[in-house]
Structures are given as C-alpha cells and as structure tokens.
Amino acid sequence: MPARIRRDGRALNEEYYVSQTALSSPEAPAEGRIPGNKGIWAGILSEMTEFALLFGVYFIARAHYPEVFREGPARLSTLAGTLNTVMMISGSYFVAKAVHAIRQNRQQSCLRWLLLVLLAACGYLLIKALEFRWNLGHGITGGMNLFFTVYYYLTFTHMVHVVWGMMGLMWVMVRTRSGAYSPQDHDGLEAFASYWHATDLAWLVIFPLLYVLH
Amino acid sequence: MPHEKLLDRLWLLLVALTLGGAWIGEAAEPGLAVTIVISLTMAFKGRMVVDHFMELKSANRTLRSLMRGFFYVIPAVTVLTTLFGDWLARLTTL
C-alpha cells in the first residue's frame, strides 16, 4: 500500500469498508486507520493532556503531603467510586457494541446500545450528585486539605467531560435514528465512541488514585 | 475470538477487576506491594480499553503509541511517587 494512502485515515476507512463489505464480516478495523476523524483526535489528545497535567498535580501534592493522601481515600465513599467506574466501563462497552452493530447495518440495535450509554451516563451523574451530597453531609469540602482539593478538581473536570460527551451522544442518537450512518459511513459515530472511551480512560486513572490507593 | 465476543468478555473482566480493586482498597494494608498491584491493574484496564474498545490495536501507530504510553507512564509514576516521594517533594519545592 502506498505510504500516501497509509497516512490518510479516510482513504483507509473507505478501503476497509469496501473490503469488509465484500467479506460480509466486519470484525476489525484496517491497519493504520484513524477511528472517527482527525478533529476528534485533536480534542481527545487535548483532553488526555489536560488530565495528565492534573495527575501531575496529584503526584506532586501526594509527594508533599503523603499522610493527607493516605487518609483521604478512606473518608470518601468507595461504593460511589466503584459504581461510577462500573458505569463508565459499561458505557464504553455499550458504545463499542453500538459501533459493531452499525457495521452490521443493524441501526435499531445500534440505537438501543446508544440508549444504554445514555442510561449509564445518567447513572454516573446521579451517583456523582449523591456522592457530593454525601460528602457535604460528612463535612467533606474542597478546602479541607490538599487531597480533597485535588479530588474535587479531578472529579469535577471529569464530570464536565462526561456532560460534553452526553451532548455528543444525543447528537449521534438523532443521527442514527434518522438513518445517517451505514456500514460504509459512520465516522461521526466512531468519533463520538473514541471521545467516550477517552473519558472512560481518564476515570480508570481517577478511580484508583482517589478511591483505592491509600 | 470474534470481536463481539471479545468485547463481552472484556467488559466482564474489567468490571471484575474494578470490584477487586475496590476490595483491595477497603481490605488490604497499604504498602508498596498493594501500590504495584493497583498500578498494574490500572495499566491493564487502560490497555484493554485502548486496544479493543477504542480499536487502536491495529489503528494509526502514533495514536496507538500515545494512548498506550499514557498507561505506561501514569502507573509507573504512581509507583515511583510511592518509592521516591521525598525526592519528588524536594524537586518540586519552590
């Protein structure tokens, strides 16, 4: 394959779907392609950089105040953190299933999986709201010490990314319902899926750092 | 293994690892060994999502390297902060 085409995600995507349609078994993406589009990856890499900086703050703060960071997680609700992790992982799984469904030209199935993503996202927000209320009931505020400052910064930032993702989710649900995606053309759905997975990845670091690691 | 079946099994595995991680956080005595287990679990979960849910295993090499790299660096720094926290604190003191 010429290098010019290998660097071009769209060209590879089209080639992949032509070949996969011929095989009638869309199982795996083509080598070297860009899932979704380049624009969403600029956003995803910015998001990961933002979280990397926040994790850097966490590590430096932990190094300066090890005792505070050892005691902090024990005061948080492990149940809330665990349930939110299950919500994020499940949401990511449902998105992957939705992409798989559209590749098989099963639009109704795709829409049902996306609905499950929405439920997981709403579950995440509900648990977060209950957790913050529980925190306040136990006198846990961002000003208590540096652990809780970092905790609120990280979890609020992550929550904002989930809300942005939910807006994108509702858009791709409308597009799916209107029949805009097909096995040959679903870059928009893949772009959303990639963003949602990235938001899940950020949480997969937040959970152990804030709730598990004593 | 078909892609769809792989997704199903990974989901169950990731949920199981999450519950295991929560149990470790509640029951295990804090220490270096626990920190290493938690960091390895974090690295594994991230790698699985990057490779299979995000489908970067066979995708663009730069994106794959960057996303995989995130889950090499953060777990490694987690362990290093436990081991060399004092040094990091001195390095970052104004």
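Right, let's walk through the structure included here. (Residues numbered from 1 in each chain as written. Chains lettered and ligands numbered in written order. Predicted model: local features only at pLDDT ≥ 70, side-chain atom pairs only at ≥ 80, totals over all residues. Heavy atoms only, no water.)

1. Looking at the side chain of A:Thr78
Here comes step 1: Mapped onto the elements, A:Thr78 comes out in helix α5 (residues 78-103).
Here comes step 2: If we skip the residues at most four places from it in the chain, A:Thr78 touches A:Tyr211, B:Ala22 and B:Glu26. (Helix = DSSP H or I, 4+ residues; strand = E, 2+ residues; numbered from the N terminus. Contact = heavy atoms within 4.5 Å.)

2. Thoughts on the packing of helix α7 (residues 146-177) of chain A against helix α8 (residues 187-212) of chain A
Residue and element names in this part refer to chain A.
Here comes step 1: Two elements in contact, α7 and α8, have axes separated by 10 Å at closest approach and are oriented at 160°. In this view, α7 runs roughly antiparallel relative to α8, as classed from their interaxial angle. Like other packed secondary-structure pairs, α7 and α8 cross with a definite hand, here left-handed.
Here comes step 2: The class makeup of the residues in the contact of α7 with α8 is 17 nonpolar, seven polar and no charged. (Axes fitted to C-alpha atoms, helices over the stretch in contact; angles between N-to-C directions. Parallel < 35°, antiparallel > 145°, perpendicular 65-115°, else oblique. Left-handed = near helix turned anticlockwise from the far one by under 90°. Nonpolar A, V, L, I, M, F, W, Y, C, P; charged D, E, K, R; others polar.)

3. As for the packing of α5(A) against α8(A)
Residues and elements named next belong to chain A.
Here comes step 1: Look at α5 against α8: their axes get within 9 Å of each other, and the N-to-C directions meet at 160°. Considering their axes alone, α5 and α8 lie roughly antiparallel with respect to each other. Taken as a pair, α5 and α8 cross one another with a handedness that is left-handed.

Keep in mind that these numbers describe shape and distance, not what the molecule does.
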